[in-house]
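Listed below are the residues making up each chain.
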Amino acid sequence: MQTGLKITAFAAALAAAFGAAYGVGQGLDPVVKDGAPASAHDEQHAPGASAPHEQDGHGGHETTPAGGLQVSENGYTLDLRTPRVEAGHRTDLRFAVRDERGRAVTEYQREHDKELHLIVASRDLLTYRHLHPARAADGTWSTPVDLPKAGGYRVFADFTPAKKGAGNITLGADLAASGPYRPQQLPAPRDTARVDGYEVRLDGTLRSGRGTELNLTVSRDGKPVTDLQPYLGAYGHLVALRSGDLAYLHVHPSGEPGDGRTEPGPTVSFAATAPSVGSYRLFLDFKHDGVVRTAAFTLRAGTQPGAEAGTDTEARTPAPDAPDAPDAGTSDHPGDDGRGAGHGH
């Protein structure tokens with residue numbers, strides 16, 4: 001596993017559309033299972049390509065490209081067959097990845113034990129899902145999803161086609177959940193998140209155009225967790241989404257299980273570079289006692305030191321430890337009350 005940031009660059013985001021929920025037809029029976037079926041996957045989770053560098057407008061220096069803002073990239077298109085769902089109702093989300101000829105892609109390289117990683121996040125970044133869809137022989141992917149609130153969502157498909165030289169690609173498409181809608185603010189930055197009896201502490205900052213280290217330490221009942229379990233080939237996965245346009249950053253941990261130097265906790269380290277100044281929502285997924293949980297954080301990225309006079313040169317330090325926002329995330333677990341950060345990667 002490589003250390004650092006794996007991201008794809010894209011253009012402007014589409015606006016989220018609202019509409020009435022509509023019936024979804026029966027999906028094809030999957031004959032190629034990418035991991036466990038989504039229904040079984042849900043039950044085990046607790047509440048809780050690149051393109052040229054772009055100018056960020058702060059001093060004219062090159063920034064790390066952001067991803068997930070475009071439905072098509074490098075000849076591949078995310079065909080979201082289910083653009084609308086009804087909030088609070090379990091729906092089969094169906095989609096396909098199409099090549100430049102409009103054919104559904106059926107061959108992928110496996111990364112972190114999966115052919116494709118599917119992320120669903122609300123535009124207010126308070127609801128987050130990392131789903132494991134199943135692929136049918138014709139290239140159609142499907143997975144159940146239950147979104148708790150009405151509003152706009154973004155669907156991200158993170159994959160690497162088997163075609164030689166294709167590289168990793170992250171495509172994004174808008175998803176609308178119908179129902180009564182009340183916008184909410186992004187939770188304030190804090191250095192500690194709590195989920196399902198666990199406490200995760202964040203140590204580190206984000207900077208625009210410069211790599212930094214983020215350390216996340218897991219504890220339970222005041223004791224460090226030193227026996228984290230591998231999940232998708234790592235002791236932790238971190239996804240960061242930029243507030244405003246939901247630019248997607250997939251961050252890789254330092255080291256991997258079995259490499260002779262990476263300990264199974266309590267700390268999981270990541271190298272990350274923010275594509276621009278702004279607020280980001282970070283979602284850490286970790287596995288312990290056979291259950292995957294997600295801890296969510298808000299972090300503000302500053303500019304590269306010395307990039308431009310008068311600009312913020314350091315990421316703002318999170319506020320002192322305080323209870324996280326009640327709806328900092330939701331999980332796919334049946335019966336979740338919406339108080340814990342939702343399962344992610």
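Small disclaimer: the values here were computed from a predicted structure and weren't measured. (Residues numbered from 1 in each chain as written. Predicted model: local features only at pLDDT ≥ 70, side-chain atom pairs only at ≥ 80, totals over all residues. Heavy atoms only, no water.)

## Thoughts on the sheet that holds strand 9 (residues 128-131)
Sheet strands line up and pair through hydrogen bonds in the backbone, either parallel or antiparallel.
Here comes step 1: On the basis of which strands lie adjacent, the open sheet formed by 5 strands has the order 6-13-12-8-9 and mixed pairing. Pairing within the sheet leaves two strands with one partner each, and these edge strands are strand 6 (84-86) and strand 9. Shown here is a sheet whose adjacent strand axes are inclined to one another by a mean of 25°, direction ignored.
Here comes step 2: Where strand 8 (residues 116-122) lies against strand 12 (residues 151-159), 7 bridges are found, and the strand directions are antiparallel. Each bridged residue has a counterpart across the sheet, and for Leu 116 the counterpart in strand 12 is Phe 159. (Pairing = 2+ DSSP bridges. Helix = DSSP H or I, 4+ residues; strand = E, 2+ residues; numbered from the N terminus. Axes fitted to C-alpha atoms, helices over the stretch in contact; angles between N-to-C directions.)

## Section: the side chain of Arg 154
Here comes step 1: Relative to the assigned elements, Arg 154 resides in strand 12.
Here comes step 2: On the accessibility criterion, Arg 154 (0% relative accessible area) is buried.
Here comes step 3: Engagement of the side chain of Arg 154 in a polar contact is seen with the backbone oxygen of Gly 172, the distance being 3.2 Å.
Here comes step 4: Side-chain polar atoms of Arg 154 contact the side chain of Asp 174, separated by 3.0 Å. (Buried < 20%, exposed > 50% of the residue type's maximum accessible area, 1.4 Å probe, protein only. Polar contact = N/O pair within 3.5 Å; in protein donor to acceptor, adjacent residues only side chain to side chain.)

## Observations concerning the sheet that holds strand 11 (residues 140-145)
Here comes step 1: On the basis of which strands lie adjacent, the open sheet formed by 5 strands has the order 4-5-7-11-10 and antiparallel pairing. In this open sheet, the two strands that pair with only one neighbour each are strand 4 (72-73) and strand 10 (134-135).
Here comes step 2: Bridge count between strand 7 (residues 91-98) and strand 11: 6 bridges; the pairing is antiparallel. Bridged to Leu 93 within strand 11 is Thr 143.

## Here's the deal with the pattern of salt bridges
When the charged atoms of two side chains with opposite charge come close together, those side chains can pair.
Here comes step 1: Summed over all chains, the structure comprises 14 salt bridges.
Here comes step 2: With a shortest N-O distance of 3.0 Å, Glu 115 and Arg 135 are connected by a salt bridge. Linking Glu 115 in the loop between strand 7 and strand 8 with Arg 135 in strand 10, this pair joins segments that are 20 residues apart in sequence.
Here comes step 3: Relative accessible area serves as the criterion here: at 11%, Glu 115 is assigned to the buried category.
Here comes step 4: Classification of Arg 135 as buried rests on a relative accessible area of 5%.
Here comes step 5: Arg 261 is paired through a salt bridge with Asp 259; the nearest N and O atoms lie 3.8 Å apart.
Here comes step 6: Judged by relative accessible area, Arg 261 falls into the exposed class, the value being 62%.
Here comes step 7: In this structure, a network of salt bridges that share partners links the residues Asp 79, Arg 81 and Arg 98. (Salt bridge = Lys/Arg side-chain N within 4 Å of Asp/Glu carboxyl O.)

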